[in-house]
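Chains, contacts and geometry: an overview
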There are 2 protein chains.
Amino acid sequence: MAMDDRKFRILQAIIDDYILTAVPVGSRTISKKYDMGLSSATIRNEMSDLEELGYLDQPHVSAGRIPSAKAYRLYVDQLLQSGKLRSEESLPSYFNGRVQKMEEVIDRAAQVLSSLTQYTAVVLSPTGPRMRIRNIQLVSVSPESALVVIVTDAGVVRDSVVRVSRQLDADTLYTISRALTEALSGCTLEEACERMPVLMGRMQENAAILQSVHGYISEARDRNPHSHVGIGGASNMLSWPEYSDVEKARGFLSLLETREKLASIVAQQGDVSLTVRIGPETGVPEMSDCSIVTATYSTHTGRQGTIGVIGPTRMHYSKVMAILQAMGHQLTDLLGEPGSPERK
Amino acid sequence: MAMDDRKFRILQAIIDDYILTAVPVGSRTISKKYDMGLSSATIRNEMSDLEELGYLDQPHVSAGRIPSAKAYRLYVDQLLQSGKLRSEESLPSYFNGRVQKMEEVIDRAAQVLSSLTQYTAVVLSPTGPRMRIRNIQLVSVSPESALVVIVTDAGVVRDSVVRVSRQLDADTLYTISRALTEALSGCTLEEACERMPVLMGRMQENAAILQSVHGYISEARDRNPHSHVGIGGASNMLSWPEYSDVEKARGFLSLLETREKLASIVAQQGDVSLTVRIGPETGVPEMSDCSIVTATYSTHTGRQGTIGVIGPTRMHYSKVMAILQAMGHQLTDLLGEPGSPERK
DNA sequence: TGTTAGCACTCGACGACGTTGAGTGCTAAT
DNA sequence: ATTAGCACTCAACGTCGTCGAGTGCTAACA
């Protein structure tokens, strides 16, 4: 027995209905609501076959059937192939013209995504190998303290206060800044770390402060690559019938709180522009009944970021996929050309 | 009929028990568990009086009693006066020696607070009038774009990419940066906004880019004063029996998501170092069965921040208050003297 | 006068039980 | 190959009686 076209159509109807209602769907529902010209008995036989093939599960003997992860996978693959997504549900622009701070863009994107989809959205800041130092500034803040600002082509990666000895006045700090910038501009963070000892030897009178700067650079280098993780619509998950049980919801919510872990889960592997991971495919046991849909966007410096939506496996895939794709493009347009959000 | 000492002791016992169990407490419980040398009948009479006085509520005729907001208020005021908190539950230091980025400190503080209290913690970044510009930098990122970095004594308030015309090479940008810094250093953001037009007149050849800078400064000025809001333990709230009803939890959670609103609710009014707002006192209808306990910390620039814990009115006040106070001090120690977290 | 024992009463929580209805699998007829 | 029919299963739901924690009231007591 194999998967024929009719079985597939029935499966599709079951999935559609289940996505809509979250209630196990029975043979009568299919034969009536989706007029396939078949009686419930026939559907019943087919459903029995589909169950044997692993596409359907039955919570109880006398309940309807529920699509399995395998069924969703088939469904999504079909969606991806059929090219229906190309319709590109054109979104209005959600970013007011002005260029904003990266973090604000990310938070806003997460917020928009969650409100469009009614699921939980996660947006990861762009990451990539090409982060090079542009400028290092020591700024006097008070007689005894200064601010270290390390700027890369991806923005400010570090700003921290250090204590300085009194003889370092504004001018001296400025001189040091210039020397640092000159020596390190264009370096990656790794290279900068390696060169620092040389610099420290050359400017021994300021070794203390260079030491601090060195520390900050190496910290920035070691830091989790996703400097910012935007989350939107965490509360949406409590509306899913799947999480009417508070204990389950708790597990999910606390996962959202550990942002590094979350980022590593959501982070896109491979370079596909649209990825769907269903249930067990997420690789996270706690999320075996969730799906993650992700898309990518890229910035003018060639770095890539990820936007994602997390929902129950019973997710409105086609809608979510279309929205993510559109949003990915919108972000790429926004960040791709600095200062000109409305391109073309 | 007035509040006498015995009534107060009974009330205290009821509150203690209710905080612990979240179950309406009856007269027998008090007379047995808390040996007051009184029979349940006597307690019953007293409880009836306490109810009449408005300190107790009765969910059902045949259930025990629950402390009212008024009761908690009395309880907390007594705690505050009795000076028991002075014991100062000395916390271990939760911040590893190194000076960290302000945002990291805030997030970590929220995380620590929530895990110590098992409630939800909110930490607001310091705010205050004394934010003065220290430095403005234009950093070349690519031939066509530059990064604007605005530094104040409170750290970087803005870093955004702007598009520049090609003739603005690194040196020119540098010259502009110097001029800007010279002209605006020491100004508040308001003052800077006012002076910009003059500068633009003086440097007409670079009016475009100055225009952008002007925009960013005024944006930073208008921005919500709490640039960063750290939240910890949001998932903890799902463990409170009060929120076993998912719908209620949803309301709370979505409140946590709108950080500006949250900040304005938590933000401390007045200059008391420890504040407790109980139920209706929070001023937020959605939080009529929550309490907010806040403390303050301050930085070396004299700016004040707020740390807070949100929990059910049935909160373990004494513990939470002691922890907040200790954490407030720890943060002040950490941020009070730049570069020397371990002072004394 | 304050305290306590006793008692009738209330009412939510809980388990037992029967009913209902959606859904299934199987069989026999078309 | 499809479908009508039928027996069967089982979660959901409402009803009902029991249980027990808790109350208020009264009368006795120190």
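None of these values were measured; they are calculated from a predicted model.

Calculation criteria
- Residues numbered from 1 in each chain as written.
- Chains lettered and ligands numbered in written order.
- Predicted model: local features only at pLDDT ≥ 70, side-chain atom pairs only at ≥ 80, totals over all residues.
- Heavy atoms only, no water.
- Patch = residues over 30% accessible without salt bridge, like charges linked within 9 Å, V, L, I, M, F, W, Y side chains within 5 Å.
- Areas by Shrake-Rupley, 256 points an atom, 1.4 Å probe, with all protein chains shown as cover.
- Salt bridge = Lys/Arg side-chain N within 4 Å of Asp/Glu carboxyl O.
- Lys, Arg positive; Asp, Glu negative; His and termini not counted.
- Charge placed at Lys NZ, Arg CZ, Asp CG, Glu CD.
- Helix = DSSP H or I, 4+ residues; strand = E, 2+ residues; numbered from the N terminus.
- Buried < 20%, exposed > 50% of the residue type's maximum accessible area, 1.4 Å probe, protein only.
- Least-squares fit on C-alpha atoms with pLDDT ≥ 70 in both.
- Contact = heavy atoms within 4.5 Å.
- Buried area = accessible area lost by both parts, 1.4 Å probe.
- Polar contact = N/O pair within 3.5 Å; in protein donor to acceptor, adjacent residues only side chain to side chain.
- Nonpolar A, V, L, I, M, F, W, Y, C, P; charged D, E, K, R; others polar.
- Near = heavy atom within 4 Å.
- pLDDT = per-residue confidence, 0-100.
- Pairing = 2+ DSSP bridges.
- Axes fitted to C-alpha atoms, helices over the stretch in contact; angles between N-to-C directions.

1. Description of a negative patch on the surface
A cluster of acidic side chains, namely A:E103, A:D107, B:E103 and B:D107, defines a negative patch on the protein surface. Residue position: B:D107 is located in helix α5 (residues 102-117). Given a relative accessible area of 35%, B:D107 falls into the partly exposed group.

2. Quick notes on the relation of the copies chain A and chain B
Rotating chain A by 180 degrees and moving it 0.1 Å along the rotation axis overlays it on chain B with an RMSD of 0.1 Å. Considering both components of the superposition, the chain copies are consistent with a two-fold axis. The C-alpha atom lying nearest the rotation axis in chain A is that of A:V246; the distance is 3.3 Å. A shared binding surface is used by both copies, with 100% of the interface residues of chain A retained as interface residues in chain B.

3. Side note on the interface of chain A and chain B
Taken residue by residue, the interface counts 52 residues in chain A and 52 residues in chain B. The junction of chain A with chain B conceals about 4,200 Å² of combined surface from both sides, 54% of it contributed by carbon and sulfur atoms. Counting every contact that joins chain A to chain B gives 0 salt bridges. Taken together, chain A and chain B are joined by 12 residue pairs in polar contact (both at pLDDT 80 or more). Broken down by element, the side of chain A that touches chain B gets its largest block of residues, 8 residues, from strand β6 (residues 155-163) of chain A. Across the side of chain A that touches chain B, the residue classes tally to 18 nonpolar, 18 polar and 16 charged.

4. Details of the protein's contact with DNA strand C
DNA strand C sits among 22 residues. The nearest are A:S27, A:R65, B:R6, B:T42 and B:S62. In DNA strand C, atoms within 4 Å of the protein come 75% from sugar and phosphate. Between B:R6 and DNA strand C, the recorded distance is 2.5 Å, taken from a side-chain N or O atom to a phosphate oxygen. Within the side chain of B:T42, an N or O atom sits 2.5 Å from a phosphate oxygen of DNA strand C. Listing elements by their share of the surface near DNA strand C, those giving two or more residues are α2 (27-33) and α3 (40-52) of chain A together with α3 (40-52) of chain B. In terms of residue count, the dominant contributor to the surface near DNA strand C is α3(B) (4 residues). Considering only residue class, the surface near DNA strand C consists of 6 nonpolar, 12 polar and 4 charged.

5. Brief notes about the confidence of the model for chain A
All names here are of chain A. Averaged over every residue, the pLDDT of chain A is 87; the share at 70 or more is 93%. Per-residue pLDDT, averaged within each element of chain A, yields its smallest value for β6 (75) and its largest for strand β2 (residues 66-67) (97). Segment residues 339-344: pLDDT under 50, and 10 contacts once partners within four positions in sequence are set aside and those in other chains are kept.

6. Structural notes on the sheet that holds strand β4 (residues 133-142) of chain A
Residues and elements named next belong to chain A. Judged by pairing direction, the sheet is antiparallel, and its 3 strands sit side by side in the order β4-β5-β6 without closing on themselves. With one partner strand each, in any of the chains shown, β4 and β6 form the two edges of the open sheet. Averaged over all pairs of adjacent strands, the angle between their axes in this sheet comes to 15 degrees, without regard to strand direction. As paired elements, β4 and strand β5 (residues 145-152) share 8 bridges and run antiparallel to each other. Within β5, the residue paired with V139 across the bridge is L147. Contacts between helix α8 (residues 207-222) and the sheet are confined to β4, β5 and β6, with β6 contributing the most and set at about 145 degrees to the helix.

7. Comments concerning the pattern of salt bridges
When the charged atoms of two side chains with opposite charge come close together, those side chains can pair. As enumerated under the stated definition, the model contains 22 salt bridges over all chains in all. Salt bridges sharing partners connect three or more residues here, namely A:R6, A:K7, A:E46 and A:D49.

8. Some thoughts on the protein's contact with DNA strand D
Neighbouring residues of DNA strand D: 22 residues in total, closest A:R6, A:T42, A:S62, B:S27 and B:R65. Counting only the atoms of DNA strand D that lie within 4 Å of the protein, the sugar and phosphate share comes to 74%. Here a phosphate oxygen of DNA strand D and a side-chain polar atom of A:H60 are 3.5 Å apart. Residue B:R44 places a side-chain N or O atom 3.1 Å away from a base oxygen belonging to DNA strand D. Put simply, the parts of the chain that give the surface near DNA strand D at least two residues each are α3 of chain A together with α2 (27-33) and α3 of chain B. With 4 residues, the single largest contributor to the surface near DNA strand D is α3(A). Considered class by class, the residues forming the surface near DNA strand D number 6 nonpolar, 12 polar and 4 charged.

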